Amino acid sequence: MRHFPIFLDLQGRDVLLLGAGEALEAKAALLAAAGARPRHAARFSPALLEGIALACAAGAPEEDLRALAEACRARGIPVNVVDRPELCGFITPAIVDRDPITIAIGSGGAAPALVRMVRQRIETVLAPGLGRVAALARHFQRAVRARLPDLAARRRFLDAALTGPAAQLAEAGREAEARAAFAAALDAAEAAPAGSVHLVGAGPGAADLLTLRALRLLGEADVIVHDRLVPAEVLEMARRDARRIYVGKVRSHHCVPQAEINALLVRLAREGMKVVRLKGGDPFIFGRGGEEKEAVEAAGLVCEVVPGITAALACAAQAGIPLTHRDAARSLTLVTGHTREGRLDVNFASLAQPGQTVAVYMGVTTLPALFAGIVAAGGDPSQPAAFIERGGTSRQRVLRGSFAEVARQAQGWVEDGPALLLLGEACARGGLPLAAAAEEHASPAP
């Protein structure tokens, strides 16, 4: 973040506008709308800076623009020179105005055209009456704080009230009805609401693969309990003041044992928190979500599950491999590469059957044993396979080849990311032919 976004209170304060032209007139109009008192000047002199809160310039001689920028910096006065980022102490953003809601968008001067595009997109999403909803909340601000002194309870009420019937009435301009509905909802609000736990799938790691429900819950959560596989870009989608608790697991090492994670979820929910248990992929596919749900519900608490895109779907989609194909795979089998004890425990005869795609999670260390077991059960060592690391993200890598080739190379090829094995004839469908794919993506065997 190159520039720190901030909203200045300029009501009744003097601002300097140096120079002339259409760009400066546009800034003067914005500043006047914010309650500022513009002072206009054609040329610069240090005396102009006495008592001003901010300065803008355009269309003045070069020596005046530079003198203004230098003098403002020396005095700590914010200064903006149109189209001259090197002379600016601040930049003016594109603005979406739904008074009292104001949204500012900037690119640090790098891409003004893109900023305008983003502003247009936001304008189409936000209802014209959004400002009236904000005004409704402002009207009841003191009443809400008095009725709900607990922060979590207050936040929970506002999350519901500002998206419910009262908000809809306010958007429609029916102010009296909106206030009545809001007051009724406030009277019925629980001063100490019960906590809850949501097991939320974060998907493979790309923030834009989150479900809309997952995104909404991240914005509502009081606390987020997250794994190692949840990247920073996904956590940044959460509410800024939500507490974050890391309980990550690395192969053969648990930062926090599962029993303690279960107890943590229960304790936080009993404290009245809205808890999001954020897990990579899908909570119910090799994610221990079932164990956590059982523990929360055994404690008499509410636990809901929000599915996420699991690794097999994300890896295959980005690699162009169809998991099912009527000419190659009529079933899909998901398998874990190791049990709780770290060993391989699978039905090799089942995995050796043709006409299916097998997706093996967490199978790096047990891949040699998996290969030996499937081949011993009659599986074809020359069948197509793909080993995919960091699937569904911008860092995805794919090792393609025969099952024998992939099994031989995979352990030396995998770096630090989670990896998934896909096995079956469908791996030869879509994307590059096996030979070309292996040449492009595979590292030499160690």
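For every chain, the first residue of its written sequence is number 1, and the numbers climb from 1 along that sequence. Selection of residues for local features in this predicted model requires a pLDDT of at least 70, selection of side-chain atom pairs for listing and counting requires 80 or more, and totals for whole chains, interfaces and linings are taken over all residues. Water and hydrogen atoms were dropped before computing side-chain values, which therefore reflect all heavy atoms in the structure.

If you look the protein up in an unreviewed UniProt entry, it shows as Uroporphyrinogen-III C-methyltransferase from Teichococcus aestuarii. Of the comments in the UniProt record for the protein, the one headed Catalytic activity (unreviewed entry) reads "precorrin-2 + NAD(+) = sirohydrochlorin + NADH + 2 H(+)". UniProt positions are given in the numbering used here, feature names are shortened, and annotations may be inferred rather than shown by experiment. UniProt, in the comment section headed Sequence similarities (unreviewed entry), describes the protein in these words: "Belongs to the precorrin methyltransferase family."

A. Expanded view of the overall build of the protein. The helix count covers DSSP runs of H or I at least four residues long, the strand count covers runs of E at least two residues long, and both are numbered beginning at the N terminus. Across its full length, the protein holds 17 helices and 18 strands. All radius of gyration figures rest on C-alpha atoms, and the globule criterion is 2.2 Å times the number of residues raised to 0.38. Here the protein has a C-alpha radius of gyration of 29 Å; the compact-globule value for 446 residues is 22 Å, and the former is much larger. Based on the C-alpha atoms only, the size of the protein along its principal axes is roughly 90 × 60 × 40 Å. Counting all 446 residues of the protein, 44% fall into the buried class. Accessible surface, the protein: about 22,900 Å² in total, of which carbon and sulfur atoms supply 55%. A positive count includes Lys and Arg, and a negative count includes Asp and Glu. His and the chain ends are not counted in either. By convention, the charge on Lys lies at NZ, on Arg at CZ, on Asp at CG and on Glu at CD. Of the side chains in the protein, 50 bear a positive and 47 a negative charge, and the two mean positions are spaced by 3 Å. The cut-offs for exposure are 20% and 50% of the maximum accessible area for each residue type, with area from a 1.4 Å probe on protein chains only; residues under the lower value are buried, those over the upper are exposed, and the others partly exposed. In this description, accessible areas are obtained by the Shrake-Rupley approach with a 1.4 Å probe, and a residue is regarded as covered only by the protein chains that are shown.

B. View of the domain arrangement of the protein. Where each domain starts and ends follows an automatic or database-derived domain assignment. Domains assigned within the protein are domain 1 (1–92), domain 2 (129–188), domain 3 (196–309) and domain 4 (312–428). Taking only C-alpha atoms into account, the centre of domain 1 sits 38 Å from that of domain 2.

C. Representation of the side chain of E389 within the structure. The residue E389 is located in strand β16 (residues 384–389) in this model. One polar contact links E389 to R397, side chain to side chain, over a distance of 2.7 Å. Here E389 is in contact with R395, Q396, R397, W413, V414, E415, D416, G417, P418 and A419, once residues within four sequence places are set aside. What qualifies as a polar contact is a pair of N or O atoms within 3.5 Å, subject to a donor-acceptor requirement within protein and to the restriction that residues adjacent in sequence count only when both atoms come from side chains. What makes two residues a contact is simply this: any of their non-hydrogen atoms within 4.5 Å.

D. Inspection of the sheet that holds strand β15 (residues 357–361) at higher detail. DSSP-based pairing: two strands are paired if at least 2 bridges between them are found. With mixed pairing, the 5 strands of this open sheet are ordered in space as β14-β15-β18-β16-β17. For this open sheet the edge positions go to β14 (332–336) and β17 (397–402), each flanked by a neighbour on one side alone. Shown here is a sheet whose adjacent strand axes are inclined to one another by a mean of 15°, direction ignored. Where β15 lies against strand β18 (residues 419–423), 4 bridges are found, and the strand directions are antiparallel. Among the inter-strand pairings, V360 is bridged to a residue of β18, identified as L421. Angles shown run from 0 to 180 degrees and are taken between the N-to-C directions of axes, each axis being a line fitted to C-alpha atoms and, for helices, limited to the stretch in contact. Along the sheet, helix α16 (residues 403–413) contacts β16, β17 and β18; its crossing angle with β17, the most-contacted strand, is approximately 145°.

E. Summary view of the UniProt feature "active site" (unreviewed entry) in the protein. Per the UniProt record, "active site" (unreviewed entry) is found at D227 and K249. Assignment of secondary structure puts D227 in the loop between β8 (223–226) and α10 (232–235).

F. Examining the side chain of R84 more closely. Relative to the helices and strands, R84 resides in the loop between β4 (79–81) and β5 (94–98). Take R84: its relative accessible area is 19%, and that puts it in the buried class. In this view, R84 contacts E62, L65 and R66; residues no more than four positions away in its chain are not counted.

G. Looking closely at the nonpolar core. Take the buried residues of types Ala, Val, Leu, Ile, Met, Phe, Trp, Tyr and Cys, join any two whose side-chain atoms come within 4.5 Å, and each joined set is a nonpolar core. By size, the foremost hydrophobic cluster in this structure holds 23 residues, and its most contacted members are L351, L367, L370, I374, F387, F403 and L421. If you list the elements that add at least two residues to this core, you get β15, α15 (367–376), β16, α16 and β18. For this core, the element with the highest residue contribution is α16, accounting for 5 residues. Leave out the neighbours within four places in its chain, and L367 touches F387, F403, V406, A407, A410 and L421. Of all hydrophobic cores here, the second largest spans 19 residues; its members include L16, L18, A55 and L65.

H. Molecular detail of the sheet that holds strand β2 (residues 37–41). Overall, parallel pairing links the 4 strands, which are arranged β2-β1-β3-β4 in an open sheet. For this open sheet the edge positions go to β2 and β4, each flanked by a neighbour on one side alone. Each strand of the sheet is rotated relative to its neighbour by a mean of 20°, with strand direction disregarded. Note: strand β1 (residues 14–19) against strand β3 (residues 52–58), 6 bridges, orientation parallel. Note that in β3 the partner of G19 across the bridge is A58. Of the strands in this sheet, β1, β3 and β4 are in contact with helix α2 (residues 62–75), which crosses β3 at around 155°.

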